[in-house]
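# Structural overview
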Amino acid sequence: MKVSLNKSLLVLMGLILLILIAVFVQNRSVHYHEHNDRLNLLRDLRNLNSELDQQLISLTQAADLDAYTYASTLNALENMREQMLDHAGRFYRDLPESSQALLTQYWQTHQTKLEQAQAIQRLLNQADADTFTAQAAAARQGYFALNSRSELNTLEIDYQAHVNSGLRNADLFSMTLLLLTTLLMLLMGDLLRRLQDTGHRAEKNRQRLQDAVNSLDAGFALFDQKGQRILSNQRWDEFYPWLKATPDYRWSDLAQLHREHLTCQTQDQTPGSEHRVVEYTHLGRWLQVSDTPTAEGGIVSIRTDISEAQSTQLELRKMGRALQQSPTAVVITDTRGIIETLNPKMSEMTGYSPEELIGQDVALLRSGDMDPEIYQDLWQTLKQGKEWRGEMLNRRKNGELFWDASIISPLRNEQGEVTHYIAVKEDITLRKHAEEQLRMIAAVFDTSNEAIMIAGRDGTIKAVNPAFTRITGYTQEEALGRNPNMLSSGRHDHLFYEQMWHSLTEKGEWSGEIWNRRKNGNVYPEWLSISTLRDEEGQICDFVSVFSDITQRKKDEAHIRHQAYYDALTQLPNRNLLLDRLEVALVTADRDQHVIALLFVDLDRFKNVNDTLGHEQGDELLQQVATRLSQSVRESDTVARFGGDEFVVLLHNIHSDRDAALIAEKIIRQLSSPFNLAGREIFIGASIGITLYPGDAETPEALVRNADLAMYQAKQTGRNCFRFFTSSLQEHANTLMEMEQDLRLALDQNQLEVFYQPLVRTLSGKITGVEALLRWRHPTRGMIPPDQFIPLAEDTGLIGPIGLWILETTCRQVKAWRDQGHQLYLSVNISGRQRDLGLDAESLQQILHNTELPADQLVLEITEGMLLDDSDETIVWLRAFKDLGVHLAIDDFGTGYSSLSYLKRFPIDTLKIDREFIRDLTLDNEDALLVEAIISMAHSLKLRLIAEGVETAEQRCILYQLGCGYLQGFHFARPMPAIELQDWLVSYSPQRLQLG
């Protein structure tokens, strides 16, 4: 190694010298060639400059000048100028600054001389001989006054001085380089000597280190950063004798060389730290391995023989593993009962971690529910050095109680003294619970209300409970050993039992309703559940049957089914059963090509019976109606109560719609005959809607809906009649449905408007008030008449919010007109439906308060139909408005069922004569007589009269003559929006009636 190092140093020194000499020679050579090139260029420049001067002398002497030579000289000078003044060129680039300045100055002088030469040449071409001679002498004198030759000499001298200075510097550098080289050689020689001394010392130290590591009891080896083995001791070779066959092995070879001779068990391998494993060689040695990285990247490997310690540790580990993996809990205490050691099963059983139990008294686990004498017996037995066995009820950490079976034994030292106690515990909580469950199951088995029967795989009965005897009549002694088929009723065929056994074998269970026979021969229904029990091999070993007598339940179900499908009052089929039968009838009609009819029957004036005679008599009437309806049809037909006073008749297998019409006429005749209720004869009628299948609809629901539509058509055309369903009825219903949806949005989308029609005095024509009339401007249908959407609003309940909006809007508008000087009162229509939807005196008073309209300036118009509701609630409702100061009027008087008794009972102020009496009014017709009678009656009752629908001056005159004081109609003004009425009020001029 030393020889190799010395040779390397000598070679290094030689290379350094060669490099220095080469650099120096190269540098001198480059500078020498550049210097010669510049000198040659300067010499050429001097020659060209002299040649140019000679040509100019000849020119000034009027001699012939060779133009080609002259031009060539100028071109050569121009090329040389560009070459010398090129800052990036070789000539100019390394010139000193002084030479660069002189070079620039020379070429500026040269440029001036060229300009002088061009001037002489122009003079030669333009002047005569005498003039040219005189002027040429002056020009020649000026030309040679520019001493470019002197400037060129100065440039050459300056450049040569620069070159000489560089040569001197180079010589100085050469001397310095020679000195440095000499010094370097001396230093390298000294370094070589020192290295040789160090190598000798290192070899001595290495030998000492080898002796030291050979004295180690552990195996030792040192590897460098390349994995090459540097040093190892004898113990290393003793531990790994197979490595001697490969003396030049490296660190990376060890794994392959060790593969057949040892196994490794990793104990610790932390990244960036020592790598420690335990190796077991085929020679039976256990080696503790320590491989530590060195600072230089090598590895220090140490092997320690731990065979004896490892054997002891393995034995202890086995014992510890057995303790840790024991399926039973183990705890070791001292003689005072303080816990010192426990296994994981003990922690698992108690819920305490080892840290929480170690150092604690075992009494920590006591539940407090054990007899203290048990613990006294335990300690007494242990102190006698004996083993104690028993069951203990303890408490887990979470407070849960558990049972354990304990075996506690004393542990003795070498002197035979008891130093510790070891307790082996098994959690028997599940076993105790199972025993308890078995006791409870036995109790349930004996006390259950359901019969329980256990049969073996061969079908013989093994056990029955008391409920079995109570239900079947067979005692336990009579049933045991027999086959369960002794209970068979004979009602089920062979296929039923095959399906039962298939379910038991495939699914392991079966449940269902079955009919069996008691011991006394009575057949009864039972709900039976059978489950299979299988042995460890998965084979069926027993069958467990649980059944109950469901005789009473069947009766209850029949009763419930009757209640679900029959009307409780009339005992007729209800809506659900009707729809079921109707669905079946549709299938049958399709199959047999028959026609069926559905009649929807609604009783007329039934509400009057309820209101006058009471609900009990109303129920009696419904029962009598049900009887008459049933008598009007065949037994194969169905009469159902659909709800309230509505009935539906389903006619099967009719020939045509004529058959349905005949049945409808018969029903109307039957129901038109008087009914005897509470000793009184009561007359009602019926409106019937008829629909047919096939033809009108395809589903039960659609047929019922069509018949309902037809029934409403019958009511609207006079009641006590029947109507067939038509497509126009469906279209009308669809239109109403769409209109209902649109009406729900109309108020929010500002589609509703209030029009106002003036009310005037008959004689003077003066405006006294306005009637508010609701209009609906639909975005696609246009203006919809009130008679189309007001009833719809009442049916759907939308009249509630719409009515409140009308009152709020119109009261505020009329108050604004009154503030402007128009003394008007407001008349607004209300319906009885609004009463049901919350319109009362309190809400109206709030509206009047908010709008500041006086109560006596508001008239509420009601219809004659509301008078028919001659109930105390209606009268109280209207009187509450009257108490506020609001006036009440009857609208469209004369077309309904009004009577003097109604007018006297209701707090009415005004009558409005219907337009039907006014349209064809003359003095000599019947309408005049009727109007005169109404006016006379109103005067006698001190009621104010308003005639509606006045369209001509003649009608105004007649009504005045008959005594009607107020009019309303197109003769004065049509209904108009508020903004139009505003302008109309300003422009209107009352016209007094002109009497003939």
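Residues numbered from 1 in each chain as written. Predicted model: local features only at pLDDT ≥ 70, side-chain atom pairs only at ≥ 80, totals over all residues. Heavy atoms only, no water.

The name that an unreviewed UniProt entry assigns to the chain is cyclic-guanylate-specific phosphodiesterase, with the source organism given as Nitrincola tapanii. Listed in UniProt under the heading Catalytic activity (unreviewed entry), the comment for the chain reads: "3',3'-c-di-GMP + H2O = 5'-phosphoguanylyl(3'->5')guanosine + H(+)". Quoted verbatim from the Cofactor (unreviewed entry) field of the UniProt record, the comment on the chain reads "Mg(2+)". (UniProt positions renumbered as here; feature names shortened; annotations may be inferred.)

Those residues of helix α19 (residues 606–613) that sit buried are Phe606, Val609 and Asn610. Taken end-on, α19 shows its buried residues confined to a sector of 95°, consistent with a single buried face. Exposed residues on α19 whose side chains face more than 90 degrees from its buried face are Lys607, Asp611 and Thr612. Residues of α19 that are buried sit in contact with β17 (595–604), α20 (615–631), β20 (675–677) and β21 (680–682). Positive phi shows up at Gly614, right after α19, with a value of about 100°. (Buried < 20%, exposed > 50% of the residue type's maximum accessible area, 1.4 Å probe, protein only. Helix = DSSP H or I, 4+ residues; strand = E, 2+ residues; numbered from the N terminus. Arc of directions from axis to C-beta. Contact = heavy atoms within 4.5 Å.)

Helix α21 (residues 657–672) packs onto α20 with a crossing angle of 145° between their chain directions and a minimal axis gap of 10 Å. Like other packed secondary-structure pairs, α20 and α21 cross with a definite hand, here right-handed. Here Val625, Arg628, Leu629 and Gln631 of α20 come into contact with α21, specifically with Lys666, Ile667, Gln670 and Leu671. Among the residues forming the contact of α20 with α21, the class breakdown is 4 nonpolar, 2 polar and 2 charged. (Axes fitted to C-alpha atoms, helices over the stretch in contact; angles between N-to-C directions. Left-handed = near helix turned anticlockwise from the far one by under 90°. Nonpolar A, V, L, I, M, F, W, Y, C, P; charged D, E, K, R; others polar.)

Another aspect to go through is the sheet that holds strand β23 (residues 722–724). Here we have 5 strands laid out as an open sheet, ordered β18-β19-β17-β22-β23, and mixed in their pairing. The sheet is open, and its two edges are formed by β18 (638–643) and β23, each paired on a single side. For this sheet, the mean angle separating the axes of adjacent strands, direction not counted, is 20°. Strand contacts of helix α22 (residues 700–716): β17, β18, β19 (646–654), β22 (685–693) and β23, with the helix running at about 140° to β22, the strand carrying the most contacts. (Pairing = 2+ DSSP bridges.)

A word on the sheet that holds strand β7 (residues 329–334). Pairing in this open sheet of 5 strands is antiparallel, and the strands run β8-β7-β11-β10-β9 from one edge to the other. What marks the edges here is a single partner per strand, and that holds for β8 (339–342) and β9 (388–395). Geometrically, the sheet is characterised by an average inter-axis angle of 30° between neighbouring strands, direction not taken into account. Examined bridge by bridge, strand β10 (residues 401–412) and strand β11 (residues 418–427) share 9 bridges and lie antiparallel to one another. Residue Ser406 lies in a different strand from β11, and its bridge partner there is Lys425.

Core analysis: the biggest nonpolar cluster contains 78 residues, and Trp817, Leu826, Leu860, Phe881, Leu911, Val931 and Leu959 have the highest contact counts within it. Among the elements that line this core, the one with the most residues is helix α25 (residues 799–819), at 7 residues. Leave out the neighbours within four places in its chain, and Leu826 touches Val770, Ala772, Thr810, Cys811, Val814, Leu853, Gln857, Leu858 and Val859. (Core = buried A, V, L, I, M, F, W, Y, C linked by side-chain atoms within 4.5 Å.)

Attention now goes to the pairing of strand β13 (residues 461–464). In terms of strand pairing, strand β12 (residues 451–456) meets β13 through 3 bridges, oriented antiparallel. Bridging across to β13, Met453 finds its partner in Val464. Counting the residues in the hairpin turn of β12 and β13 gives 4 residues, including Gly459, whose phi is positive at 95°.

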